[in-house]
Amino acid sequence: MVHRQGTGTNLPLVQMIRNLKDKAENSSFSLNPFAERAAWSPGTEMSGGERKKRTPRGTGWEEAGGEFYQESYPGAELDLEALPRDPHYFATLLPSKQNRAATTRKPSKVDNKATYRRRTSTRQRNTNTMGQNTIPNDIQVAMMPDLSENLANEETTWEEMMLIKAMPVTMAQKKEIKAKLLSADTFRMQGMRRLKWRRRKLWEYLKVRWKEFHTRIELWRSSFQKMDGRFGPAITSFFTFIKWLMLLNIVVALIISSFIILPTAVMEEREEECLPTNQTSTSIPCCSQLYMEHNSSLAAPSAVFEVLQGSGWLDRTLLFYGYYTYTPLINGSIYYDLPVAYVFTFMSVFLLCFFTILKSGSVGFKERLIESEGQYYKFCSLVFSGWDFCLHSDKGTSAKHKALFLEMKEHIEQERREDDKKNRSRDECCRTLLTRLSMKILVKLIFAAASSLIYFTIQFAYTELQTDDYTDEYRLLLEYMPALSIVGVNLVVPNILHYLVTLEGYSPLNTQRMVLLRNLLLRFSTICVLLVSIHSLVGCSIGPNDACVSHSCRTPLCWETFAAQQILKIVVVDFLAQIGITFFINFPRMLLARHVRCKLTKVMCLQEFDIFKHLVDVVYIQFLVWLSSFIMPLMPALGALLLFVLFYVKKFACMVNSMPSSTTLYRVRKSTSLYLLVLLGTFFAAMGPVIFAAVTLEPSRSCGPLRGQRTYASLVESTYRSFPTWIQNGATIITSSTVAFPTLVFLWLLFYYYYILTRENRQMVIVLKKQLVLEGHDKQFLLNRLSAFIKQHQERHKPARSIDPPIANSA
Amino acid sequence: MGQKCSQFTEEELQDYQDLTYFTKKEVLQVHQKFKNLAPERVGHNRNAKLPMNKVLQYPELRVNPFGDRICKIFSSSHDGDCTFEDFLDMMSVFSETAPTAVKAEHAFRIFDFDGDDMLGVADLREVIDRLIGPHRLTDSEMAYLVQNMLAEADLDDDGALSFAEFEHVIDKSPDFSSVFKIHL
């Protein structure tokens, strides 16, 4: 038997004697289950990293063995005080019950109460008699490289030094271990290995420097810390989400500017001119010219109005789809096919967004799935990760106490409610059902009313705008009427919806979900109404009498730019509305609540930061950005800017206007995955209309990079045609039924295989859990027997003990 | 840095950087915070031992229901009084870069009130009691909660959570690492 300590240079003699006796003990005292384990010394059988991990626990075993050995051997050092009267103490000796702290923890004074403390103190005495100053003995054993097996080199020493910080011991002990490691003999490394190690060290050093640098430049770091302190990390996660969304928009904007905007701005375009001699008046160049003339004829009185209306000269800027040319860009010898670049950039940008959301959310989505299966520590994580350790404000603390209290109550109530549901009488059942049904119908009616209101407003505005004889102010109002009506509906209706949901009597969690879902649906449906009205202008096919656009539908010359302007107006109005509400309605409310001593104002004006409500606001902006970025390439950049400002607006709403929420307990990871889930839904909602338009609608003939194409998607098709034939052939083969069908079958089989595997594993989990419980019972039983046995033994050997002095002293 | 640096030598800072999850600069920040707790005492002796009630004036610990436990766990004399090195240890464990396993180990010790290396029913009750602060649960509600916690996590059915079981819970509750931190 090679004991780990024996392998080192400094071997305590007493320990060695004990170990030898331990070994002898094995044969004679086989009744003791620990004796065998005591002889087993860590490091003999196991190798490498596994050993390092096990050793601290191994020492616990070894010492437990020592304990028994002492019992059975009168004459060895033995202290009756330390012997456990209670099997529970043995339970703490088991390796499965120990954290590293227990085995490495050092007592400052000799403490006779707990066995392990007692043990460590004896050990300390032993080592001290040998004139060694190794206080953190156990750890040293754990940390010291085993010289007999493989001699330490500089790299392993360094690696172990990096591991010290994870140890739950005091700084003085850590320092000592470090000194020990540094003073121990090590191999100098040479050649390639030394170089590699040097590189690793440099890498670590750079990482530290980068961390320092990063904390200094990280955007909004101090804001996040402040929020953490006052509201806890769950609220902060919302703001981190805003930041994440902003970064996504910035990346998208960079891609778009480098592939679309920059080439257009730098390179020159050559559009064909409209020559009446050899071209009909409906040809692309002539339509383009018509649009240019139309634009220059549309003279708005001042620049302010133009900017506000988003028309006039703004039409002919990089902001809108209409500006981009349909001919390839040429700069010297460089040839840049802008239409193709335009379409493919947007395709890749949308794919990028999709995969980024999926990737960020994947962990959270998985957790949600697991949770829905019920394999989740609901109560335990509520208690153990309940407190936000970074909280430091009194208000936040009391709110947190209350929120935790309510959440626990809610968990308790939940079961009761389920019981209630079962025991509910038929009358009650009918009543709740009826209420919910009527509420649902009411909500649908409200949706219908809101949508038709918006629809008629838009129709009114469009018909009025056909005639020209209005004052500028009235015209501006008409222009903004659709946007105003949509934003107005978005502001008013959610309050009604919120009130209605509370009448339906769902559980708090479901109520929140309902509110969130309905708010999102409302936002989407209002935009949908706008899109339908735009579609009614655009969807007509061009008749034989029409020149460039369909006159029967009154299609604008460049309808993409027209649609983009509509959406831009909504974005602007919505954004202004948010600022207005935060600073001019909610801020005074907060002042009233804080300074007027009146119950009514307190009830009416106290606000809590309702994450879900604000989430809808943020996601809505992103929805509009995605919806319009194809017809407005600068939209992602604008979106990033808006989100940047919105961060401060929401921060104001959170830090100044709101109190920490005491009614809802937000969870960090759960909320984050919810944001991403909502964002994913929004992405699909935005992509729906875009893809629909790309496949079915004809691009306007007077403007934009795609004029002259049958649909937006047909350019993709024609580009594909121009690929080399081998790629085309390859694609045809892959998509042909001879390949696709077997692939499908294969995938299906694979899916089935995993399904079976999961089912089996689930079964196995149940079986193993049962097994574990049985083992636990067995252990309990054995421990009881053992303690009884020890008690017996103790009484028998009591007289013998007093005669023999402890070995440690005699040595 | 000048004056701030004067209380530590470069080697000491290097030691601290190697042995904690902080960079040298952050170590100095921690010391500044420690000094702010008792400027006159720490000014004389940079490693002065501050009594627990002084340490508990640190904003995050003041409102923390487990503040006294944290002090006791990290105190090298086990009575809650902390020297700067104890304080540094504490902040290192609560820093953002400390791995979850290290945090879990300390969390276990914080929650283990009677120090028997098991989270028994009494420990769990105490944790819940401290979490809800001034509010009170009835005995049956408390019993229900504890019973449910044990049903979830006590895999070997011995009526208490061992460290391994606790670690398992922490593995499965993703919020833990984002909650168990204190900003510098």
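The name recorded for chain B in an unreviewed UniProt entry is EF-hand domain-containing protein, from Nesidiocoris tenuis.

The name given to chain A in an unreviewed UniProt entry is TMC domain, and the organism recorded there is Nesidiocoris tenuis. Under Subcellular location (unreviewed entry), UniProt gives the following word-for-word description of chain A: "Membrane".

> Looking at this structure, how should I read the overall build of chain B?
Tallying secondary structure elements over chain B gives twelve helices and zero strands in all. Secondary structure elements in chain B, listed N-terminal to C-terminal, are α-α-α-α-α-α-α-α-α-α-α-α. Reported as C-alpha extents along the three principal axes, the dimensions of chain B are approximately 60 × 30 × 25 Å. Per-residue burial over chain B gives 45% buried out of 184 residues.

> Honestly, the overall build of chain A in this entry has me stumped. Any pointers?
The helix and strand inventory of chain A stands at 30 helices and two strands. Within the span of chain A, comprising 811 residues, buried residues form 34% of the whole. Looking at chain A alone, contacts between residues at least 24 apart form 74% of all its contacts between residues at least 6 apart.

> Would you mind showing me how to read the packing of helix 24 (residues 611–628) of chain A against helix 25 (residues 635–657) of chain A here?
Describing two packed helices takes the angle between their axes plus the distance from one axis to the other. Residue and element names in this part refer to chain A. Look at helix 24 against helix 25: their axes get within 9 Å of each other, and the N-to-C directions meet at 170°. Taken together, the axes of helix 24 and helix 25 are roughly antiparallel relative to one another. Counted together, H614, V618, I621, Q622, V625 and S628 of helix 24 and M635, P636, G639, L642, L643, L646 and K650 of helix 25 form the full contact between these two elements.

> I tried to follow the UniProt feature "transmembrane region" (unreviewed entry) in chain A on my own but got confused; where do I start?
Residues and elements named next belong to chain A. Residues annotated in UniProt with the feature "transmembrane region" (unreviewed entry) correspond here to residues 231–262, 340–358, 441–462, 482–500, 520–538, 634–653, 674–697 and 733–755. Helix makes up 97% of residues 231–262 and strand 0%, with an end-to-end C-alpha separation of 43 Å. Helix makes up 100% of residues 340–358 and strand makes up 0%, while its end C-alpha atoms are separated by 27 Å.

> It is not clear to me how the UniProt feature "domain: TMC" (unreviewed entry) in chain A should be interpreted in this structure. Could you clarify?
Taken from the UniProt record, the annotation "domain: TMC" (unreviewed entry) applies to residues 558–664 of chain A. Helix makes up 79% of residues 558–664 of chain A and strand 0%, whereas the separation of the span's terminal C-alpha atoms amounts to 49 Å.

> When you look at the confidence of the model for chain A in this model, what are you seeing that I'm missing?
Low pLDDT marks stretches whose predicted atomic positions should not be read closely. Residue and element names in this part refer to chain A. Overall, the prediction assigns chain A a mean pLDDT of 76, with 75% of residues at 70 or greater. Note on residues 1–84: pLDDT under 50 across the span, and 129 contacts to partners over four residues away in sequence or across chains. Confidence drops under pLDDT 50 across residues 804–811; counting only partners more than four residues distant or on other chains, this segment forms 16 contacts.

> Looking at this model, I keep getting lost on the interface of chain B and chain A. Mind explaining?
It is common to report an interface's size as the accessible area lost on association of the parts. Across the contact, 66 residues belong to chain B and 61 residues belong to chain A. Breaking the side of chain B that touches chain A down by element, the ones donating at least two residues are helix 1 (10–19), helix 5 (59–63), helix 7 (84–93), helix 8 (100–111), helix 9 (121–132), helix 10 (139–153), helix 11 (163–172) and helix 12 (176–179) of chain B. Ranked by the residues each element gives to the side of chain B that touches chain A, the list is headed by helix 10 of chain B, at seven residues. In the side of chain B that touches chain A, the residues fall into 32 nonpolar, 15 polar and 19 charged.

> Would you explain helix 19 (residues 426–466) of chain A in this entry?
If you check helix 19 of chain A, its first and last C-alpha atoms are 60 Å apart, about what 41 residues at 1.5 Å a residue would give, namely 60 Å. Every buried residue belonging to helix 19 of chain A is among A:V443, A:A450, A:I454, A:T457 and A:I458, and all of these are buried.

> Help me out: how do you make sense of the packing of helix 21 (residues 508–538) of chain A against helix 22 (residues 559–595) of chain A in this one?
All names here are of chain A. Remark: helix 21 packs on helix 22, axes separated minimally by 11 Å, with the N-to-C direction vectors making an angle of 160°. If you check the angle between helix 21 and helix 22, you find them roughly antiparallel. Seen along the crossing, helix 21 lies across helix 22 with a hand that is right-handed. Judged by residue contacts, L530, I534, L537 and V538 of helix 21 engage W559, A563 and Q566 from helix 22. In terms of residue class, the contact of helix 21 with helix 22 is made up of six nonpolar, one polar and no charged.

> Looking at this structure, how should I read unusual backbone geometry?
Excluding glycine, most residues fall at negative phi; most peptide bonds, likewise, are trans. At A:W220, a residue that is not glycine, the phi angle is positive and equals roughly 65°. For A:W220, the location among the structural elements is in the loop between helix 11 (191–217) and helix 12 (221–231). Of note in this structure, B:H78 is not a glycine but carries a positive phi near 60°. If you trace the backbone, B:H78 turns up in the loop between helix 6 (67–74) and helix 7.

> I would appreciate a short explanation of the confidence of the model for chain B in the present structure.
Chain-level pLDDT for chain B is 85 on average; 97% of the residues reach the 70-or-more range. Counted against residues more than four places away or in other chains, residues 1–5 of chain B, with its pLDDT under 50, gives three contacts.

> Is there a simple way to explain the UniProt feature "domain: EF-hand" (unreviewed entry) in chain B in this structure?
Residues and elements named next belong to chain B. The feature "domain: EF-hand" (unreviewed entry), as annotated in UniProt, sits at residues 99–134 and 146–176 in this numbering. Structurally, residues 99–134 is divided into 67% helix and 0% strand, and its ends, taken at the C-alpha atoms, are 32 Å apart. Between the C-alpha atoms that bound residues 146–176 the distance is 19 Å, and the span itself is 61% helix and 0% strand.

> I'm lost on the domain arrangement of chain B in this one. Help?
All names here are of chain B. We note that the domain assignment places domain 1 (9–93) and domain 2 (100–179) within chain B. Inter-centroid distance (C-alpha atoms) of domain 1 to domain 2 is 26 Å. Taken residue by residue, the interface counts six residues in domain 1 and eight residues in domain 2. When residues of the side of domain 1 that touches domain 2 are assigned to their parent elements, the largest contribution, three residues, is made by helix 6.

> It is not clear to me how the environment of A:V616 should be interpreted in this structure. Could you clarify?
Residues and elements named next belong to chain A. Mapped onto the secondary structure, V616 falls in helix 24. Spatially, the C-alpha atoms of V616 and L679 are 9.6 Å apart, while their sequence positions differ by 63 residues. V616 has contacts with L516, N519, L520 and R523, leaving out every residue within four places of it along the chain.

> What should I look at first to understand the environment of A:V645 in this one?
On the secondary structure map, A:V645 appears in helix 25. Spatially, the C-alpha atom of A:V645 lies 39 Å from that of A:C380, the residues being 265 residues apart in sequence.

Procedures and definitions
Residues numbered from 1 in each chain as written. Chains lettered and ligands numbered in written order. Predicted model: local features only at pLDDT ≥ 70, side-chain atom pairs only at ≥ 80, totals over all residues. UniProt positions renumbered as here; feature names shortened; annotations may be inferred. Helix = DSSP H or I, 4+ residues; strand = E, 2+ residues; numbered from the N terminus. Buried ≥ 20, exposed ≤ 12 C-beta atoms within 10 Å, placed from the backbone. Contact = placed C-beta atoms within 7 Å. Axes fitted to C-alpha atoms, helices over the stretch in contact; angles between N-to-C directions. Parallel < 35°, antiparallel > 145°, perpendicular 65-115°, else oblique. pLDDT = per-residue confidence, 0-100. Nonpolar A, V, L, I, M, F, W, Y, C, P; charged D, E, K, R; others polar. Expected span 1.5 Å × (residues − 1). Left-handed = near helix turned anticlockwise from the far one by under 90°. Domains from an automatic or database assignment.

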